[in-house]
Amino acid sequence: PYTSSPWSIYNLAVLLGYKINWAAFNLTFFNQIRMGPRIIPVPKKGIEKKLAGIVKRIANVVNIEDVMDIPLQNHCPPEYFALASGQEKAIEDNYHPVPIARFVRQHEIENGVLKGDEFGESQTFPCDKNERIEALCEENPKVAIICRYNLQIDTLIRLLAPSHTLYIIRGDTKDRDTVCRAAEAAERAVVLLQSDCGLGFDLPSFSLCVFASMSFSYSSWEQTCGRFLRMNKPSRTTFLYLLTEEDSMDQAVYNAIQNKKDFSAELYAKTRSGL
């Protein structure tokens, strides 16, 4: 198995005997970021089409549906939830003039949390989504819940731990494979997954995946959805999307992902201002 990162594609090409000029490849696909005394190459954004061109040069690319009888994956229309009064006031009180900071804060609050900083402590708010998540976990034996924010995951841990067996996959999870094997083996389980950790695990036995809050990255969403569909165990998964109603950040992020694009705070700010 290979991920779709520039690192992986370059190494795959080398292993298959294709000669690619590293200096040119490095300049095209990486930014050089200084971290202390080291200079670290970090993949650029928006290079997917150029990378796909290299993939097509070294391999035949097919959709999994073209080579296997795959059950249709069920992406349900969004379910909508109103903001509680405390959430509405928190959004007003935490306005920030910088678009990305303002929209991230709003998105956090829509999902019942607000991460603290040097000026204030972290906060949680009543959130109707959590009641729906709790009901879904009661009704279904195996549920995966996707959250963009670790503080949101922490809130759901406190809510669900008394009555459910939980498995956590996020940046501080040291051995995702072990966690996933345990979740796959369990008869009943709830996996709480950080939305940008869509690599390094498989959960084909989970028939329900709930997006409580979505990543701003289209590729992260696509990778996450792929974790529930494996070639050695083709299965049908239902995907639910829990969104805050009306003119919400939840809706804006969902719309971007549906259009196969990353959510851009700058572009969204211009749209909101009518530019």
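Preceding this section is the structure that the text describes.
Presented here is an overview of the structure given in this document. Predicted model, so just to flag it, every value in this text is computed and none were measured. (Residues numbered from 1 in each chain as written. Predicted model: local features only at pLDDT ≥ 70, side-chain atom pairs only at ≥ 80, totals over all residues. Heavy atoms only, no water.)

### Comments concerning the packing of helix α6 (residues 99-110) against helix α11 (residues 249-258)
For any two helices packed against each other, the geometry is given by the interaxial angle and the distance between the axes.
Right, so step 1: For the pair α6 and α11, interaxial distance at closest approach is 9 Å and the crossing angle is 105°. The pairing of α6 with α11 is recorded here as roughly perpendicular in orientation. Residue-level inspection shows Phe 103, Gln 106, His 107 and Glu 110 of α6 in contact with α11, the latter providing Met 249, Asp 250 and Val 253.
Right, so step 2: Per-class residue counts for the contact of α6 with α11 are 3 nonpolar, 2 polar and 2 charged. (Axes fitted to C-alpha atoms, helices over the stretch in contact; angles between N-to-C directions. Helix = DSSP H or I, 4+ residues; strand = E, 2+ residues; numbered from the N terminus. Parallel < 35°, antiparallel > 145°, perpendicular 65-115°, else oblique. Contact = heavy atoms within 4.5 Å. Nonpolar A, V, L, I, M, F, W, Y, C, P; charged D, E, K, R; others polar.)

### Description of the side chain of Ser 195
Right, so step 1: Within the element layout of this structure, Ser 195 appears in the loop between β9 (189-194) and β10 (208-211).
Right, so step 2: Taking relative accessible area as the criterion, Ser 195 reaches 2% and is therefore assigned buried.
Right, so step 3: In contact with Ser 195, not counting residues within four places along its chain, are Ile 146, Cys 147, Arg 148, Ser 213, Met 214, Ser 215, Ser 220 and Thr 224. (Buried < 20%, exposed > 50% of the residue type's maximum accessible area, 1.4 Å probe, protein only.)

### Some details on the nonpolar core
Right, so step 1: Residues Val 191, Leu 203, Phe 206, Phe 211, Met 214, Trp 221 and Phe 263 are the most contacted members of the largest nonpolar core, which totals 39 residues.
Right, so step 2: Here the element with the most residues in this core is α11; it accounts for 6 residues.
Right, so step 3: In contact with Val 191, other than residues within four places in its own chain, are Val 143, Ala 144, Ile 145, Tyr 167, Ile 169, Ala 183, Leu 203 and Phe 206. (Core = buried A, V, L, I, M, F, W, Y, C linked by side-chain atoms within 4.5 Å.)

### Things to note about helix α10 (residues 218-226)
Right, so step 1: Looking at α10, one finds that the buried residues are Tyr 218, Ser 220, Trp 221, Thr 224, Cys 225 and Gly 226.
Right, so step 2: In this fold, the buried residues of α10 make contact with β3 (74-75), β7 (142-147), β9, β10, β11 (238-244) and α11.

### Structural notes on the state of the cysteines
Right, so step 1: For the structure on display, the rule yields 0 disulfides.
Right, so step 2: Between Cys 209, a cysteine without a disulfide, and Cys 225, which holds the nearest cysteine sulfur, the sulfur-to-sulfur distance is 6.3 Å.
Right, so step 3: What makes Cys 209 buried here is its relative accessible area of 0%. (Disulfide = S-S within 2.5 Å.)

### Thoughts on helix α3 (residues 48-58)
Right, so step 1: Taken together, the buried positions of α3 are Leu 51, Ile 54 and Ile 58. For α3, the buried positions fall inside an angular range of 55° around the axis, keeping them on one side. Opposite its buried face, α3 presents the exposed residues Lys 49 and Lys 56, each directed more than 90 degrees away.
Right, so step 2: Of the surrounding elements, those touching the buried residues of α3 are α1 (6-15) and α2 (22-29). (Arc of directions from axis to C-beta.)

### Digging into the packing of α1 against α2
Right, so step 1: Where α1 contacts α2, the axes come no closer than 11 Å and their chain directions differ by 160°. The pairing of α1 with α2 is recorded here as roughly antiparallel in orientation. Seen from above, α1 lies across α2 with right-handed handedness. Contacts from Pro 6, Trp 7 and Tyr 10 in α1 reach Trp 22, Phe 25 and Phe 29 in α2.
Right, so step 2: A class-by-class count of the residues in the contact of α1 with α2 yields 6 nonpolar, no polar and no charged. (Left-handed = near helix turned anticlockwise from the far one by under 90°.)

### Focus on the pairing of β10
Right, so step 1: Taking every second residue as pointing to the same face, both faces of β10 are buried, with Leu 208 and Val 210 on one and Cys 209 and Phe 211 on the other.
Right, so step 2: In the sheet, β7 pairs with β10 via 4 bridges, with the strands oriented parallel. The residue bridging Ile 146 from the neighbouring strand is Phe 211, located in β10.
Right, so step 3: Pairing of β10 with β11, which is carried by 4 bridges, proceeds in the parallel orientation. Each bridged residue has a counterpart across the sheet, and for Cys 209 the counterpart in β11 is Phe 239. (Pairing = 2+ DSSP bridges.)

### So, the packing of aromatic side chains
Right, so step 1: Taken as a whole, this structure holds 16 aromatic pairs when the rule is applied.
Right, so step 2: Judged by centre distance (4.8 Å) and plane angle (45°), the ring pair of Trp 7 and Phe 30 falls under tilted. Here Trp 7, found in helix α1, pairs with Phe 30, found in strand β1 (residues 30-35); they are 23 residues apart in sequence, far enough to count as distant.
Right, so step 3: Pairing Tyr 218 with Trp 221 gives two aromatic rings, centres 5.6 Å apart and planes at 35°, and the pair type is tilted. One end of the pair is Tyr 218 and the other is Trp 221, both in helix α10 and 3 residues apart, which spans about a single turn.
Right, so step 4: Accessibility expressed as a relative area gives 15% for Trp 221, which makes it buried. (Phe/Tyr/Trp six-rings, centres within 6.5 Å; stacked < 30°, edge-to-face > 60°.)

### Structural notes on the side chain of Lys 129
Right, so step 1: Counting through the fold element by element, Lys 129 comes out in helix α7 (residues 128-139).
Right, so step 2: Only 2.8 Å separates the side chain of Lys 129 from the backbone oxygen of Ala 212, close enough to count as a polar contact.
Right, so step 3: Here the side chain of Lys 129 touches Asp 250 through a polar contact of 2.6 Å, side chain to side chain.
Right, so step 4: When neighbours within four sequence positions are excluded, Lys 129 is seen to be in contact with Phe 81, Glu 110, Asn 111, Ala 212, Leu 242, Leu 243, Thr 244 and Asp 250. (Polar contact = N/O pair within 3.5 Å; in protein donor to acceptor, adjacent residues only side chain to side chain.)

### Focus: the pattern of salt bridges
Once the charged atoms of two side chains with opposite charge are near each other, the side chains can pair.
Right, so step 1: Scanning the model with the defined rule gives 8 salt bridges in all.
Right, so step 2: For Asp 117, the salt bridge identified is with Arg 105, shortest N-O distance 3.9 Å. With Asp 117 in the loop between β5 (113-114) and β6 (123-124) and Arg 105 in helix α6, this pair connects stretches of sequence that are 12 residues apart.
Right, so step 3: Classification of Asp 117 as partly exposed rests on a relative accessible area of 37%.
Right, so step 4: Under the relative-accessibility criterion, Arg 105 is labelled partly exposed at 21%. (Salt bridge = Lys/Arg side-chain N within 4 Å of Asp/Glu carboxyl O.)

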